[in-house]
Amino acid sequence: MVLKQARQFQQELSGASSVLIGTHLNPDGDALGSALAMSHYLSDQGIRNEVLCHHVPPYNLEFLPGVSRIRQAPTGKDFELAIVLDLDSLERLGSAEQYFTNVPRMVVIDHHVPHEAPGDLRIVDTDSPATALILSRLLFEMEGDVTPDIATCLLTGIVTDTGSFRFRNTTPEALSVSARLLELGGNINLVSEEIYQRKPLASVRLLGFLLERMQLECDGRICYGMLTFEDFQTTNAQDEDTEGFVNELLSINTVQISALFSESKRGRVRVSLRSRSDYDVAAVAREVGGGGHRNAAGCSFEAGLEEAREILIPRLRDCLESC
């Protein structure tokens, strides 16, 4: 299967002299790592390309090689191929979606359960812990030249989506591919330090508000916390400064499901969900228009914090009782 997909992918690349690369809004390490790895590879092949993302890179991913390539709108036009990475629905391209609609061919590389099935070639593996791992397979099978910059970008995707190899989605392949990327010059020390060991002061202060006001339900098996618009204003924090907060709530030994409600913009609430074991928080997120993976998902509401809480917490209780 991998060999067939690699051949099909290589055929798509060989027929294109210009490529538009896209990934999802509010990008994480897998999204930007995969997109930039793809961009570096195409540039090394002499193929003109641009990388689009609705949002600018968060502070903890500004170390990625080639991060300055990421734009919100293309500078060129008449792209022959689109490559969309790490998203289950084209609407998650956000404002960048408009630039992909007229590209004649599209390849989708992803590891989410799809909401829709766009793309002339779809390389989707929902069992893979990261899109970057799927892209690594393809490049290895194609015997492509994986440079240290490409290896670092791919490592970023694998490391972040496995929680630095701590999450239950960590597979033997994730470890073996990461080892190969290290051999090829990937800088895992840089990735780990920038992602997990460097935070702005505003982020630390915001975390203090969250931990002080967190709530436990269902005999301590659900933990949730809410960050108000005023909290963000007081600490001078941005939405990206909440990275990893929901995992802090899940780290409590009794907690099976955690939820972080963030109102970084007045009247708009983003919710991050995490779970242990077989508790499917992605199913809960999909009920309210979100999505993700079984143990890591998210959604958003055009509403206040209390309204969002009243909608979601009962569903999380039902999720807890379903297993």
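Keep in mind it's a predicted model, so treat the numbers as computed, not measured.

Let's talk about the overall build of the chain
Okay, so step 1: Summing up its helical and strand segments, the chain has eleven helices and twelve strands in all.
Okay, so step 2: Taken against the 2.2 N^0.38 rule, which gives 20 Å for 323 residues, the C-alpha radius of gyration of the chain at 19 Å falls within 12% of a compact globule.
Okay, so step 3: By its C-alpha atoms, the chain is 55 × 40 × 40 Å across when sized along the principal axes.
Okay, so step 4: Within the chain, buried positions represent 53% of all 323 residues.

Remarks on the sheet that holds strand E11 (residues 291-293)
Okay, so step 1: Reading across the sheet, the six strands line up as E7-E8-E9-E10-E12-E11 and stay open at both edges, with mixed pairing between neighbours. The sheet is open, and its two borders are formed by strand E7 (215-217) and E11, each paired with just one other strand. When strand polarity is set aside, the average angle formed by the axes of neighbouring strands in this sheet is 15°.
Okay, so step 2: Lying on the sheet, helix H7 (residues 201-213) is in contact with E7, strand E8 (222-227) and strand E9 (257-265); it crosses E8 at an angle near 135°.
Okay, so step 3: The strands that helix H11 (residues 305-321) touches are E7, E8, E9, strand E10 (268-275) and strand E12 (296-301); relative to E9, the one it contacts most, it runs at about 165°.

Comments concerning the nonpolar core
Okay, so step 1: By size, the foremost hydrophobic cluster in this structure holds 50 residues, and its most contacted members are Phe9, Leu13, Met38, Ile83, Ile109, Leu135 and Leu181.
Okay, so step 2: Contacts of Phe9, omitting those with residues within four sequence positions, involve Met38, Ile83, Val107, Ile109, Leu121, Ile123, Leu135, Leu138 and Met142.
Okay, so step 3: If you look at the next biggest cluster of nonpolar residues, it comprises 26 residues, including Ile257, Val269, Tyr279 and Val288.

What about the sheet that holds strand E1 (residues 18-23)?
Okay, so step 1: The parallel open sheet is built from six strands, whose spatial order is E3-E2-E1-E4-E5-E6. The sheet is open, and its two edges are formed by strand E3 (70-71) and strand E6 (121-124), each paired on a single side.
Okay, so step 2: Pairing between strand E4 (residues 81-85) and strand E5 (residues 106-110): four bridges, direction parallel. Looking at E5, one finds that Leu85 is bridged to Ile109.
Okay, so step 3: This element, helix H3 (residues 131-141), spans E4, E5 and E6 of the sheet and lies at about 120° to E5.

Re the pattern of salt bridges
Okay, so step 1: Taken as a whole, this structure holds 16 salt bridges when the rule is applied.
Okay, so step 2: Shared partners join several salt bridges into a network, and the residues in it are Glu12, Arg105 and Asp120.

A few points about the environment of Arg270
Okay, so step 1: As for its placement among the helices and strands, Arg270 is situated in strand E10.
Okay, so step 2: Classification of Arg270 as partly exposed rests on a relative accessible area of 29%.
Okay, so step 3: When the C-alpha atoms of Arg270 and Cys299 are compared, they prove to be 6.1 Å apart, with 29 residues separating the residues in sequence.
Okay, so step 4: The contacts of Arg270, once residues within four sequence positions are left out, are Asn26, Asp239, Leu260, Phe261, Ser262, Cys299 and Ser300.

Comments concerning empty space enclosed by the protein
Okay, so step 1: For the structure on display, the rule yields one cavity of 30 Å³ or more.
Okay, so step 2: Volume-wise, the largest cavity comes out at about 30 Å³.
Okay, so step 3: Val84, Leu87, Asp88, Ser89, Leu90, Val108, Glu116, Pro118 and Arg122 together form the lining of the largest cavity.
Okay, so step 4: Of the residues assigned to the lining of the largest cavity, the class counts are five nonpolar, one polar and three charged.

A short note on the packing of H3 against helix H5 (residues 172-183)
Okay, so step 1: Following both chains from N to C, one finds H3 and H5 inclined at 55°, their axes separated by 11 Å at the closest point. Between H3 and H5, the interaxial angle falls into the category oblique. By crossing handedness, the relation of H3 to H5 is classed as left-handed. Counting all contacts with H3, which are made through Leu133, Ser136, Arg137 and Phe140, the residues of H5 involved are Glu173, Ala174, Val177, Arg180 and Leu181.
Okay, so step 2: For the contact of H3 with H5, the per-class residue count stands at five nonpolar, one polar and three charged.

Structural notes on the packing of aromatic side chains
Okay, so step 1: Counted according to the given criterion, the structure contains one aromatic pair.
Okay, so step 2: The side chain of Arg180 reaches across the aromatic face of Phe140, ending 3.9 Å from its centre.

Topic: H5
Okay, so step 1: If you check H5, its first and last C-alpha atoms are 17 Å apart, about what twelve residues at 1.5 Å a residue would give, namely 16 Å.
Okay, so step 2: Of all the positions in H5, only Ala174, Val177, Ser178 and Leu181 are classed as buried. Buried residues of H5, viewed axially, fall in a sector of 105°; they line one side. Opposite the packed face of H5, turned more than 90 degrees from it, sit the exposed residues Pro172 and Glu183.
Okay, so step 3: In this structure, the buried residues of H5 make contact with H3 and helix H4 (148-161).
Okay, so step 4: With its phi angle positive at about 105°, Gly185 sits one or two positions after the end of H5.

Rules and cut-offs
Residues numbered from 1 in each chain as written. Predicted model: local features only at pLDDT ≥ 70, side-chain atom pairs only at ≥ 80, totals over all residues. Heavy atoms only, no water. Helix = DSSP H or I, 4+ residues; strand = E, 2+ residues; numbered from the N terminus. Rg over C-alpha atoms; globule rule 2.2 N^0.38 Å. Buried < 20%, exposed > 50% of the residue type's maximum accessible area, 1.4 Å probe, protein only. Pairing = 2+ DSSP bridges. Axes fitted to C-alpha atoms, helices over the stretch in contact; angles between N-to-C directions. Contact = heavy atoms within 4.5 Å. Core = buried A, V, L, I, M, F, W, Y, C linked by side-chain atoms within 4.5 Å. Salt bridge = Lys/Arg side-chain N within 4 Å of Asp/Glu carboxyl O. 1 Å grid on protein atoms, 1.4 Å probe; cavity = no way out; pocket = protein on both sides within 12 Å on 5 of 7 lines; lining within 4 Å. Points joined across faces, edges and corners; volume = space filled by probe spheres on them. Nonpolar A, V, L, I, M, F, W, Y, C, P; charged D, E, K, R; others polar. Parallel < 35°, antiparallel > 145°, perpendicular 65-115°, else oblique. Left-handed = near helix turned anticlockwise from the far one by under 90°. Phe/Tyr/Trp six-rings, centres within 6.5 Å; stacked < 30°, edge-to-face > 60°. Lys NZ or Arg CZ within 6 Å of the ring centre and 35° of its normal. Expected span 1.5 Å × (residues − 1). Arc of directions from axis to C-beta.

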